[in-house]
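Structural characterization, general
For reference, the chains in residue letters:
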Amino acid sequence: MTKRQQTIPEPRNRESVEFGLIMENYNIILFLCNWGPHAAYQQLQDNGYQIPPEVKMVRIPCTGRISKALLFKAFEMGADGVAIVGCNSGACRYGSGTLTAENNTEDTRSIIDLLGMGKERMRLATFLPDESGALKTFLADFCEEIKAMGKSPVLPSASRPPETSGESVRQILARYDANSCQDCGKCTASCPLALSGKAYSPRNLVSDIIRGNDTAGKINADIHACLTCGICYERCPSNVNFPEFIRDMRCILNRDGEGSDRTQPHGGFFQSLMRTMTSPAILPDRWKWLPEDIQTDPDGKILFFGGCAPYFDAFFKKHQQVNTVDIIADALRLLNFFDVRPRLMEAERCCGHDLLWSGDRTNFLRLAKLNTEMIRDLGIETVITACPECYHTMSLEYPKNGIQPGFTVMHLYTFLEHEIDKGAVTFKPLPHRITYQDSCRMNRMEEIRDLPRKLIQRLSVEQFREMKDSGLSALCCGNCAWTGCDAYTKALQVKRIRQAHDTGSDLMVTSCPKCQIHLRCAMEDPFQEAELKMEMTDLTSLIARTICWE
């Protein structure tokens with residue numbers, strides 16, 4: 001343990017606090033492979049070596065079993081450093097464990113680096129059974145490196161008081177007038193999940209909850225399964241807002257301990273990431289990748305809010321090789337094209353969309369407050385974003401949840417349509433036959449839902465043809481807020497991709513980075529890959545690639 005002088009912030013893991021001097025407990029998690037490295041570790045103990053007290057060892061069958069979600073979860077729970085120690089390459093009992101661990105560690109290090117925590121807080125090392133001396137040196141050196149870096153800026157989620165207040169099921173039923181359901185079945189008949197073969201019915205779910213079966217296992221599973229795409233709300237003659245009803249029911253389940261990472265793809269990694277961003281001491285460094293040709297104004301009154309694309313790319317780069325940061329870069333280039341040099345918020349956090357819609361309103365509010373306070377402190381008048389979820393959340397959900405931004409929120413498409421409509425610009429010919437995938441969040445907001453098609457009609461493309469289900473009837477990409485991914489949502493994605501192919505198009509245009517991620521995932525089906533593969537690009541990038549002055 002070390003002793004250092006510092007200003008005392010909110011209390012966290014400490015042995016004592018006297019006269020401003022802090023004796024801090026460091027918390028270093030060691031994921032130790034059960035085979036070669038554990039033998040070396042055991043030999044150290046047998047020889048009387050005292051393992052550093054900061055180190056908490058977790059014995060595991062193979063380093064390849066420790067996912068990115070588990071690696072990152074350690075930091076969310078208060079770890080100051082994480083070491084993952086496995087077998088040398090070629091000595092893994094499970095064959096590919098070492099390579100998997102290398103990839104997971106590299107990706108997670110990239111993400112904690114974007115968070116401004118320092119990628120040095122995570123290390124991967126490999127040892128043979130007879131390398132106890134090398135393991136001893138590694139543990140000692142890593143502990144000293146972590147102490148030199150200081151405590152993690154993450155406020156452990158376990159140290160925060162649980163949510164105890166909130167609405168009852170009865171109050172939520174009343175607010176959305178769920179009892180007015182006419183049992184007509186239009187919601188189920190239009191639900192993408194039901195149409196993909198899942199035994200799922202919005203009206204039956206509401207009926208079961210009204211009857212008081214809200215704690216039943218299947219009911220909870222169905223609440224988490226909903227895509228919240230909004231088609232049922234569009235069709236409901238009684239105007240029951242089922243997506244928001246589901247969102248608020250998820251908040252109750254989360255409050256009562258009924259939420260689960262099992263309902264969240266990738267082990268709940270992205271929810272964990274966003275909860276970590278609620279720590280005030282976190283200072284993300286997410287703009288380090290920005291291309292040199294983009295011009296910004298550090299004192300401007302217009303802020304560009306980028307969203308989570310850099311984190312998505314770091315997480316998926318070895319799985320799908322996604323590059324959604326290109327959308328952000330192209331959005332900034334379009335602003336520059338129209339002589340706008342926006343300001344960037346160096347410590348930009350997530351908008352909180354996924355926390356809210358997966359049921360964690362408490363941490364959503366923490367993020368929302370941090371965001372609005374930071375943006376107001378910069379003197380920003382207008383926030384522009386290219387992400388439909390960021391726009392929906394900041395313009396609509398912040399005020400609905402009692403947080404008044406104090407600045408105008410604008411979607412990039414609104415800005416582009418206004419500027420392009422002035423004239424003096426045209427578009428280079430694009431030799432593609434294109435179709436368009438609607439974003440659910442954008443498609444349910446009247447003020448911007450028509451803008452993508454207006455902008456597409458301005459392009460000079462070989463052909464634009466709508467899919468069978470489009471506009472207000474458009475099919476979801478199969479996932480929302482990183483929850484509810486299963487075989488039925490995969491079937492839905494495959495159906496959507498086939499609809500795109502049926503148009504005769506060779507390019508699918510999207511307006512949400514998650515649509516690209518989820519649909520690309522479906523395209524990697526080993527049995528249908530050749531049939532499903534299709535080029536995709538975001539509308540923002542398409543405009544940036546072809547726009548020019550007349």
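Structure's up top.
Here's a quick rundown of the structure. (Residues numbered from 1 in each chain as written. Predicted model: local features only at pLDDT ≥ 70, side-chain atom pairs only at ≥ 80, totals over all residues. Heavy atoms only, no water.)

1. A word on the overall build of the protein
To be explicit about the condition: Helical segments are the DSSP runs of H or I of at least four residues, strand segments are the runs of E of at least two, and each set is numbered from the N terminus. Two residues qualify as a contact provided that any one of their heavy atoms is within 4.5 Å of a heavy atom in the partner residue. What sets the accessible areas is the Shrake-Rupley method with a 1.4 Å probe; for residues, cover comes only from the shown protein chains.
Tallying secondary structure elements over the protein gives 24 helices and 17 strands in all. Each of the three principal axes of the protein carries a C-alpha extent, and together these read 75 × 60 × 55 Å. Sequence separation of 24 or more characterises 79% of the internal contacts of the protein that already satisfy a separation of 6 or more. With an accessible surface of roughly 22800 Å², the protein has 49% of that area assigned to carbon and sulfur atoms.

2. What about the sheet that holds strand 9 (residues 343-344)?
Convention followed: Two strands qualify as a pair provided DSSP detects at least 2 bridges between them. All axes are obtained by fitting lines to C-alpha atoms, using only the stretch in contact for helices, and the reported angles, taken between N-to-C directions, cover 0 to 180 degrees.
One open sheet accounts for four strands, arranged 9-8-10-11; its pairing is parallel. Strand pairing shows two members of the sheet lacking a second neighbour, strand 9 and strand 11 (408-411), which therefore form its edges. Relative to strand 11, helix 17 (residues 388-400) is tilted by about 155 degrees, and along the sheet it contacts strand 8 (302-305), strand 10 (382-385) and strand 11.

3. As for the pattern of salt bridges
When charged atoms on two side chains of opposite charge get close, those side chains can pair. What counts is decided by this rule: By convention in these notes, a salt bridge is any Lys or Arg side-chain nitrogen within 4 Å of a carboxyl oxygen on Asp or Glu. For the exposure calls, accessible area comes from a 1.4 Å probe over protein chains only, and a residue counts as buried if that area is under 20% of its type's maximum, exposed if over 50%, partly exposed in between.
The final tally for this structure, using the stated rule, is 41 salt bridges. With its nearest N and O atoms 2.2 Å apart, the salt bridge here joins Arg175 to Glu167. By relative accessible area, Arg175 is classed as partly exposed at 39%. By relative accessible area, Glu167 is classed as partly exposed at 31%.

4. Comments concerning the side chain of Glu397
Note on placement: Glu397 falls in helix 17. Not counting residues up to four positions away in its chain, the partners in contact with Glu397 are Glu244, Arg247, Leu356, Trp357, Phe364 and His392.

5. A look at the pairing of strand 4 (residues 28-33)
Just so we agree on the cut-off: Here a crossover is taken to be right-handed if, once the strands point away from the viewer, the path from the first strand over the helix to the second is traced clockwise.
Counting buried positions along strand 4 yields six of six residues, so the element is predominantly enclosed. Here strand 4 shows a buried face lined by Ile28, Leu30 and Leu32 and a second buried face lined by Ile29, Phe31 and Cys33. Remark: the strand 4/helix 1 (residues 36-46)/strand 5 (residues 55-60) crossover connection has right-handed handedness. Sheet analysis places strand 4 next to strand 6 (residues 81-86), joined by five bridges and oriented parallel. For Phe31, the partnering residue across the bridge sits in strand 6 and is Ile84.

6. Describing the packing of aromatic side chains
Convention followed: In this analysis, rings of Phe, Tyr and Trp, with Trp reduced to its six-membered ring, are considered paired at centre separations within 6.5 Å, and the interplanar angle assigns stacked below 30 degrees, edge-to-face beyond 60, and tilted for intermediate values. Lysine NZ or arginine CZ positioned within 6 Å of the ring centre and within 35 degrees of the ring normal marks a charge as sitting over the ring.
Here the structure, examined in full by the defined rule, presents 20 aromatic pairs. Centre to centre, the rings of Phe315 and Phe316 are 4.9 Å apart; their planes meet at 75 degrees, and the pair counts as edge-to-face. Relative accessible area serves as the criterion here: at 2%, Phe316 is assigned to the buried category. Three or more aromatic residues joined by ring pairs form one cluster here, namely Phe72, Phe269, Phe270, Phe312, Phe315, Phe316 and Trp482. The side chain of Arg286 reaches across the aromatic face of Trp287, ending 4.3 Å from its centre. Geometry around Trp357 places Arg441 over its ring, the cationic atom sitting 4.0 Å from the centre.

7. Some thoughts on the packing of helix 3 (residues 97-114) against helix 13 (residues 309-316)
Under the convention used in this document: Angle categories: roughly parallel below 35 degrees, roughly antiparallel above 145, roughly perpendicular from 65 to 115, and oblique for all the rest. Each crossing is labelled by how the near helix is turned from the far one, with a counterclockwise turn of less than a right angle marking it left-handed and a clockwise turn marking it right-handed. For this scheme, ten residues count as nonpolar: Ala, Val, Leu, Ile, Met, Phe, Trp, Tyr, Cys and Pro. Four count as charged, namely Asp, Glu, Lys and Arg, and the remainder, Gly too, count as polar.
Closest axis-to-axis distance for the helix 3/helix 13 pair is 8 Å, and the angle between their directions is 165 degrees. Relative to helix 13, the element helix 3 is oriented roughly antiparallel. Handedness of the helix 3/helix 13 crossing: right-handed. Contacts between helix 3 and helix 13 involve Asp107, Ser110, Ile111 and Leu114 on the former and, on the latter, Pro310, Tyr311, Ala314 and Phe315. The residue makeup of the contact of helix 3 with helix 13, split by class, is six nonpolar, one polar and one charged.

8. Remarks on the sheet that holds strand 15 (residues 507-510)
Spatial strand order, 14-13-15-16: four strands in an open sheet with parallel pairing. Looking at the sheet topology across the chains shown, the edges are occupied by strand 14 (461-464) and strand 16 (535-538). Mean inter-strand twist for the sheet, computed between neighbouring axes without regard to direction, equals 35 degrees. When strand 13 (residues 430-436) meets strand 14, the two strands line up parallel, connected through three bridges. Following the sheet pairing, Arg433 is matched in strand 14 by Gln463. Relative to the sheet, helix 24 (residues 539-546) contacts strand 13, strand 15 and strand 16, its axis offset from that of strand 16 by approximately 80 degrees.

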